[in-house]
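Spelled out from the first residue to the last, the chains are:
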Amino acid sequence: MPEGTGGTPPRTLAEALRTQGDESLAALLRARPDLLNPVPGDLSQLATRAGTRASVVRALERLDRFTLQTAEALAVAPEPAPYDTLRALLTGDEGDARIEAALPGAVRTLRDQALIWGGDDRLRLVRTARELLAPSATHPSPTGLGPTVAEATSGMSPGRLQEILTAAWLPSTHDPVSAVASLTALFTDRTRMAALLDTAPMDALAVLDRLVWGPPYGEVTSSPTPPVQWLRDRGLLLPATTRTVVLPREAALHLRAGRAHRTPEPVAPAVAPRADGAGSASGSGAAGRPQVVDSAAAGQAYTALATIEELAKDWNEGGPNVLRAGGLSVRDLKRTATALEVTEPVAAFWVELAYAAGLLAADGEADERYAPTPAYDDWQELPPPERWARLATAWLTATRTAGLVGSQDSKGRTLAVLGPDLDRGQAPEVRRRILDLLATLPEGTAPDPESLLARLRWERPMRGASAAGRSDDLRARLAAWTLNEAEMLGITGRGALASHARALLAPASGAAASSDAPDDGMHAGTHSLAPPAPPTTAAELAAAGRRAAHALAPFLPEPLDHVLLQADLTAVAPGPLLRHLAELLSIAAEVESKGGATVYRFTPASVRRALDAGQSASDLHDFLKNHSRTPVPQPLAYLIDDVARKHGHLRVGSASAYVRCDDEAVLDEILADKRSQGMRMRRLAPTVLAAHADPAALLEGLRGMGFAPAAESAEGDVLITRAHAHRTPPRTAPAPVPDGPPVPDGTLLGAAVRAIRAGDMAATAVRKPVPEPSSPSSRSAAHRRASAAESATAAASRDGSLPRTTSAETLATVQAAAMTGSAVWIGYVNADGAASQRVIAPVRVEGGFVTAYDHTADEVRTYPLHRITGVAELADDPA
């Protein structure tokens, strides 16, 4: 049993913390990192901060269902509650072996997180937690219990209490306290309570059945029915308001057979395999499932890379404009979805993923637009497995949530892609936990989604509304989005975790798998159910990505260096193509269909586009001949030659714009065409036409009329028009928004514990009393000064104020401490005016400065004497 000072039980949480070792304090700060910002000055400050409402709510939200049920049961138990009382509230009269096995771990978790304190004979819930979990008229308890008899009868007249005692066959008493105690003893006595209920009408028992599991309140009229009146007469229903009655807690516990919760859940629900056997190939055995899953996931991984490249290509010359409030407009999202041939929610996911990976960003110009970043060009140079690993690690740690796009925020504003307010700090934790739970299943096995959601609800019941069955639970929605996004990204295949994803999770999933292995018999609190900590540093993420890329590489197809040309002016790519081949083919032909094999179609416009990009007819012939496994069809060769023959026959320059051609008949044909009237052209010379349109519009207009003009420079040379790759300035990927303070590392925890211990020693150190002077003549004045100094020091010790001594007394005391090597307690005000208490061991005093070992800071420091407000000797040397 924890003990306070002098072997007595601790009276406060601060005293309980003082009995704990450094490892326990470090575990508390690790579990509740919000207590570290800033580092508490001493254990009293730590206890005060641990009891604040915001910190307690955050701690309660991190508890699993059974540990939370344990705290809820403690909130309705008498305070302080012995361990046996708490166990009886959870197991009931009949007992439950599973609960008895899980309860010690739950109590240990609550104690380690400073939510309860005291020994097993005097368990106390921190006051703020009791206020949050205890039942009240405005805040019902999750247990469904109501107030105690003492709480419900507070303010009741003695005469009414006497009437209840008489109806319940209890001895009369005019003392309200004795009357309440007598009624409470009746309701908590199983034998006498059973005898009383045996005399109740059946309708009265039916009323109790409706109230017993909560809510315990019911409305009554001014003329209640006989069953209700029978219950009111005997105190089984006590008045809450003028028209409301309540079932007292003691009576409800008797009707529940002593159980605080209707359905205690000491065991985490197991994640079950999907009933339809997803993840296995038709007709294949269990041994074939992992290969099928890995192949399906690898196919999705390749599709993910192709989709990101297609997105960047679509935004290559400057993508959509940035809205004034940030993000993409609905129209631009629809256009992007059409270009990617996906739905708008899926397009939102890919855009957000590219943004999270640092591949897309706003260019920051006056007319701000989205475009690929320089990092995208570096990403393209990586091998496909490494490119996928970059996307997967970015998704795993990103807090931006694409699933929220299209919904509204608290102010009714629609959330846009790449816009603000899409960060959800829970997202990385939920993604990681989902994947870790998938890793506990046999390889190639897909989970049942409902069992997966049930497991998440058990682990974090207070993080959302899922425990109440509402559909607006963010955690449940994040889980559903995670399953869909993992499938699109190739982390899962057919719903099951792929082997390369297991490699991505390897640092933590191994621990998760071992701890969750007995999934059907795991007790809450017997071991930590917190999600394994994912890689946090860039080096750890990079190492995890390399492992995943290495595992994925065998499943991705090798890029091909050839296509199959067909007589219908199409080319079939039976797999992924080498990058330079795919780029040139996408210029010279139109993509007709995608899938396992991509079909390209050559058209006059696509061939002309290749010629505009600087290719010649001979270049195209050589390209097709070198990269086709089939002979070049004659119609395709004719198409290239025919377009090349006309290409550049007309020349367009800038006058506003002009057209020149050696063939006067062609110019006559242009002037005679009604479609040229909008360009307001006129003949300057037999071979030259001038137009009022700009060169770009003139080129477009002539091409629309069926001609193949080429642009020329001021020197008369043909201009080659290549796609302009617009890039943003160097941009870093958006930093994830954490869900609360980050978990501190071991170095920070060690330093924080030392600082708290030293500050607590400074705050609680016993000061040495000032001895009385021996000379009778000087006894009076010196005694008064000593008594005043001692009183001031004692008061400062109690209320945390700084000690006060004169400059001469301060100098004399620190000099004496330096000579004897003892430690003293000082008050110090730094240059910024911040005051603090410190325990120092002076080493040298000279030049108005004292050099000392500071126990609070755990280092040697120098202090100006004029900034020391006062000094007091310690009864015991803390060094």
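What you are looking at is a predicted structure, and each value in this text was computed from that prediction instead of being measured.

Student: Can you break down the overall build of the chain residue by residue, with the values?
Tutor: Assigned secondary structure in the chain consists of 35 helices and 23 strands. The proportion of buried residues among the 879 residues of the chain is 47%. Counted over contacts in the chain with a minimum sequence separation of 6, partners at least 24 positions apart contribute 66%. If you sum the accessible surface of the chain, you get close to 41200 Å²; carbon and sulfur atoms cover 53% of it.

Student: Got a sec to walk through empty space enclosed by the protein? Specific residues and values, please.
Tutor: Under the defined criterion, the tally for this structure stands at 4 cavities of 30 Å³ or more. In this structure, the largest cavity spans a volume of roughly 80 Å³. The wall of the largest cavity is formed by Phe349, Glu352, Leu353, Ala356, Ala394, Trp395, Ala398, Arg400, Thr401, Ala402, Arg431 and Glu485. Secondary-structure elements contributing two or more residues to the lining of the largest cavity are helix H18 (344–356) and helix H20 (384–397). The element that contributes the greatest number of residues to the lining of the largest cavity is H18, accounting for 4 residues.

Student: Would you mind going over the packing of aromatic side chains in detail, with residue names and values included?
Tutor: Any pair of aromatic rings gets described here by the distance separating the centres and the angle formed by the planes. Taken as a whole and judged by the stated rule, the model has 4 aromatic pairs. Here Phe349 and Trp350 contribute two aromatic rings whose centre-to-centre distance is 4.9 Å and whose plane-to-plane angle is 55°, an arrangement assigned as tilted. Exposure remark for Phe349: the relative accessible area of 4% places this residue in the buried category. Given the relative accessible area of 4%, Trp350 is considered buried. The positively charged end of Arg387 is found above the aromatic ring belonging to Trp379, 5.5 Å away from the centroid.

Student: Describe helix H13 (residues 202–211), listing the residues and the values that go with them.
Tutor: Because each turn of an α-helix spans 3.6 residues, side chains separated by three or four positions end up pointing in the same direction. Every buried residue belonging to H13 is among Ala204, Val207, Leu208 and Leu211, and all of these are buried. Buried positions in H13, seen along its axis, are confined to an arc of 95° and lie on one side of it. In this structure, H13 carries Met202, Asp203, Asp209 and Arg210 as exposed residues pointing more than 90 degrees from its buried face.

Student: Please provide a residue-by-residue account of the sheet that holds strand E5 (residues 244–246), values included.
Tutor: The 3 strands lie next to each other as E3-E5-E4, forming an open sheet whose pairing is antiparallel. The sheet is open, and its two edges are formed by strand E3 (217–219) and strand E4 (238–241), each paired on a single side. Between one strand and the next, the sheet's axes are offset by a mean angle of 40°, whatever the strand orientation. In the sheet, E3 pairs with E5 via 3 bridges, with the strands oriented antiparallel. When the sheet's bridge partners are listed, Tyr217 is paired in E5 with Val246.

Student: Describe in detail the sheet that holds strand E23 (residues 868–873), supporting the description with residues and values.
Tutor: Either a parallel or an antiparallel arrangement is found when strands of a sheet pair, and the pairing is made through backbone hydrogen bonds. Judged by pairing direction, the sheet is antiparallel, and its 5 strands sit side by side in the order E22-E21-E20-E19-E23 without closing on themselves. Of all the strands in the sheet, the pair left with one neighbour each is strand E22 (859–864) and E23. For this sheet, the mean angle separating the axes of adjacent strands, direction not counted, is 45°. The pairing of strand E19 (residues 824–829) with E23 spans 5 bridges and is classified as antiparallel. The partner of Ile826 across the bridge, within E23, is Val871. Of the strands in this sheet, E19, strand E20 (835–846) and E23 are in contact with helix H35 (residues 807–820), which crosses E20 at around 65°.

Student: Mind laying out the packing of H20 against helix H23 (residues 474–489), listing which residues take part and the relevant values?
Tutor: The contact between H20 and H23 brings their axes to 11 Å, and the two run at 170°. It follows that H20 is roughly antiparallel to H23 by the angle criterion. In contact with Trp388, Leu391, Ala392 and Trp395 of H20, H23 contributes Thr482, Glu485, Ala486 and Leu489. Here the contact of H20 with H23 is built from residues that sort into 6 nonpolar, 1 polar and 1 charged.

Student: I'd like a description of the environment of Tyr302, backed by residues and values.
Tutor: Looking at the secondary structure, you find Tyr302 in helix H16 (residues 289–314). Classification of Tyr302 as partly exposed rests on a relative accessible area of 32%. Each C-alpha atom of the pair Tyr302 and Pro384 lies 7.9 Å from the other, and the pair is 82 residues apart in sequence.

Student: An account of the environment of Glu23 is requested, with residue identities and associated values reported.
Tutor: Relative to the assigned elements, Glu23 resides in helix H2 (residues 22–31). Residue Glu23 is classed as exposed on the basis of its relative accessible area, which comes to 71%. Between the C-alpha atom of Glu23 and that of Leu749, which follows or precedes it by 726 residues, the distance is 9.6 Å.

Student: Tell me about the side chain of Asp34, residues and numbers included.
Tutor: Along the chain, Asp34 falls in the loop between H2 and helix H3 (43–50). Of the buried charged residues, Asp34 lacks a salt bridge, with Arg58 as the closest side chain of opposite charge at 4.7 Å. With residues up to four places along the chain from it excluded, the contact list for Asp34 reads Arg49, Ser55, Arg58 and Pro741.

Student: Tell me about the pattern of salt bridges, residues and numbers included.
Tutor: Inspection of the entire model under this criterion finds 30 salt bridges. Salt-bridge contacts for Arg400 lead to Asp423; the nearest nitrogen and oxygen are separated by 3.9 Å. Of this pair, Arg400 sits in the loop between H20 and helix H21 (427–439) while Asp423 sits in the loop between H20 and H21, and the two are 23 residues apart along the sequence. Linked through salt bridges whose partners overlap, the residues forming this network are Arg62, Glu429, Arg460 and Arg475.

Student: A description of the confidence of the model for the chain should follow, citing residues and the corresponding values.
Tutor: A residue-level look at the chain finds 86% of positions with pLDDT of 70 or above and a mean pLDDT of 83. Across residues 508–533, where pLDDT falls below 50, the model places 64 contacts with residues more than four positions away in sequence or in other chains.

Student: I'd like a rundown of the side chain of Thr336, residues and numbers included.
Tutor: Structurally, the position occupied by Thr336 is in helix H17 (residues 330–340). Every residue in contact with Thr336, bar those within four places of it in the chain, is listed here: Leu311, Trp315 and Val351.

Student: How would you explain the pairing of E20 if you had to name every residue and give the values?
Tutor: In the sheet, E19 pairs with E20 via 6 bridges, with the strands oriented antiparallel. In the strand pairing of E20, Trp825 is matched with Val839. Connecting E19 to the antiparallel partner E20 that follows it, the hairpin turn spans 5 residues, and Gly833 within it adopts a positive phi of roughly 90°. Of the pairings in the sheet, the one linking E20 to strand E21 (residues 849–854) comprises 6 bridges and is antiparallel in character. Bridge assignment links Arg844 to a residue of E21, and that residue is Thr851. From the end of E20 to the start of E21, which pair antiparallel, there are 2 residues, and Gly847 there has a positive phi angle of about 60°.

Student: Could you give an account of H20, naming the residues involved and the relevant values?
Tutor: The terminal C-alpha atoms of H20, which comprises 14 residues, lie 21 Å apart, in line with the 20 Å expected from a rise of 1.5 Å per residue. H20 sits mainly inside the fold: 10 of its 14 residues count as buried. Looking at H20, one finds that the buried residues are Pro385, Arg387, Trp388, Ala389, Leu391, Ala392, Thr393, Ala394, Trp395 and Leu396.

The rules behind these values
Residues numbered from 1 in each chain as written. Predicted model: local features only at pLDDT ≥ 70, side-chain atom pairs only at ≥ 80, totals over all residues. Heavy atoms only, no water. Helix = DSSP H or I, 4+ residues; strand = E, 2+ residues; numbered from the N terminus. Buried < 20%, exposed > 50% of the residue type's maximum accessible area, 1.4 Å probe, protein only. Contact = heavy atoms within 4.5 Å. Areas by Shrake-Rupley, 256 points an atom, 1.4 Å probe, with all protein chains shown as cover. 1 Å grid on protein atoms, 1.4 Å probe; cavity = no way out; pocket = protein on both sides within 12 Å on 5 of 7 lines; lining within 4 Å. Points joined across faces, edges and corners; volume = space filled by probe spheres on them. Phe/Tyr/Trp six-rings, centres within 6.5 Å; stacked < 30°, edge-to-face > 60°. Lys NZ or Arg CZ within 6 Å of the ring centre and 35° of its normal. Arc of directions from axis to C-beta. Pairing = 2+ DSSP bridges. Axes fitted to C-alpha atoms, helices over the stretch in contact; angles between N-to-C directions. Parallel < 35°, antiparallel > 145°, perpendicular 65-115°, else oblique. Nonpolar A, V, L, I, M, F, W, Y, C, P; charged D, E, K, R; others polar. Lys, Arg positive; Asp, Glu negative; His and termini not counted. Salt bridge = Lys/Arg side-chain N within 4 Å of Asp/Glu carboxyl O. pLDDT = per-residue confidence, 0-100. Expected span 1.5 Å × (residues − 1).

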